[in-house]
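# Summary of structural features
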Amino acid sequence: MRGSGAADEKGAAGKAGTERRPLPLPLRLLAMAVAFAAMVAFAVVLADLTLDPSPASVSIAHTNLHPGATLKLYLDQPAFRDAVKQIGGNVLLGVPFGILVPVLAPGARGVLRVLLLTAIVMLLVELAQGALVTGRAFDVDDVILNTTGALVGWLLLGRRLGRAVHARKRKA
């Protein structure tokens, strides 16, 4: 004898996993507005940190197209604190992308899209640094570290916030 229709639906839902419902519309709109304001603030900080000329660094700034070369240079420094500051700072710079992109762009909630978007934006920032800013240079390791930071942000908070704000389309 078959069970009731409700029991069958409950069993099917249990097998497929529970469907997540997004936040109510007013809270979703508030979350997106806050995320947008945070992204604008982040863009201002990013521009200030990366596109501010550094005439004193002209003699030491050099282009790096070899992944890992600058990381090795940082890690070979006698002052470990400087290496942590450089590497950690670049990773932290990418974290907001991993948190905010899934909230602001429902089509870019997945990890690969977040990482690709972050890599493209950071690549553009590095190209602008190398081409336009005195005392700054393009460094592929910075792009790698920033993108790693986006992964950290996505893992810590971004994927959950993206799910909370945007409903997942149901597959038929």
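Residues numbered from 1 in each chain as written. Predicted model: local features only at pLDDT ≥ 70, side-chain atom pairs only at ≥ 80, totals over all residues. Heavy atoms only, no water.

## Here we look at the overall build of the protein chain
Helix and strand counts for the protein chain come out as six helices and zero strands. Listed by position from the N terminus, the elements making up the protein chain come as α-α-α-α-α-α. Counting the 172 residues in the protein chain, one finds 30% classified as buried. Put simply, 78% of the contacts in the protein chain that link residues at least 6 apart link residues at least 24 apart. (Helix = DSSP H or I, 4+ residues; strand = E, 2+ residues; numbered from the N terminus. Buried < 20%, exposed > 50% of the residue type's maximum accessible area, 1.4 Å probe, protein only. Contact = heavy atoms within 4.5 Å.)

## Points about the side chain of threonine 147
Mapping threonine 147 onto the fold places it in helix α6 (residues 140-165). When sequence neighbours within four positions are dropped, the list of residues in contact with threonine 147 reads Leu115, Thr118 and Ala119.

## Quick notes on a nonpolar patch on the surface
Together, Leu116, Ile120, Leu123, Leu124 and Leu127 give the surface a local cluster of nonpolar side chains, amounting to about 460 Å² of exposed area. According to the relative accessible area criterion, leucine 124 is exposed, its value standing at 53%. (Patch = residues over 30% accessible without salt bridge, like charges linked within 9 Å, V, L, I, M, F, W, Y side chains within 5 Å. Areas by Shrake-Rupley, 256 points an atom, 1.4 Å probe, with all protein chains shown as cover. Salt bridge = Lys/Arg side-chain N within 4 Å of Asp/Glu carboxyl O.)

## Concerning the packing of helix α4 (residues 80-104) against helix α5 (residues 111-132)
Running from N to C, α4 and α5 point in directions that differ by 130°, and their axes come no closer than 10 Å. Between α4 and α5, the angle is such that the two are oblique. Judged by the twist between their axes, the crossing of α4 over α5 is right-handed. The segment α4 lies against α5, with Leu93, Gly94, Phe97, Gly98, Val101 and Pro102 engaging Val114, Leu117, Thr118, Val121 and Met122. Here the contact of α4 with α5 is composed, by residue class, of eight nonpolar, three polar and no charged. (Axes fitted to C-alpha atoms, helices over the stretch in contact; angles between N-to-C directions. Parallel < 35°, antiparallel > 145°, perpendicular 65-115°, else oblique. Left-handed = near helix turned anticlockwise from the far one by under 90°. Nonpolar A, V, L, I, M, F, W, Y, C, P; charged D, E, K, R; others polar.)

These results come straight from atomic positions and should not be treated as a statement about function.
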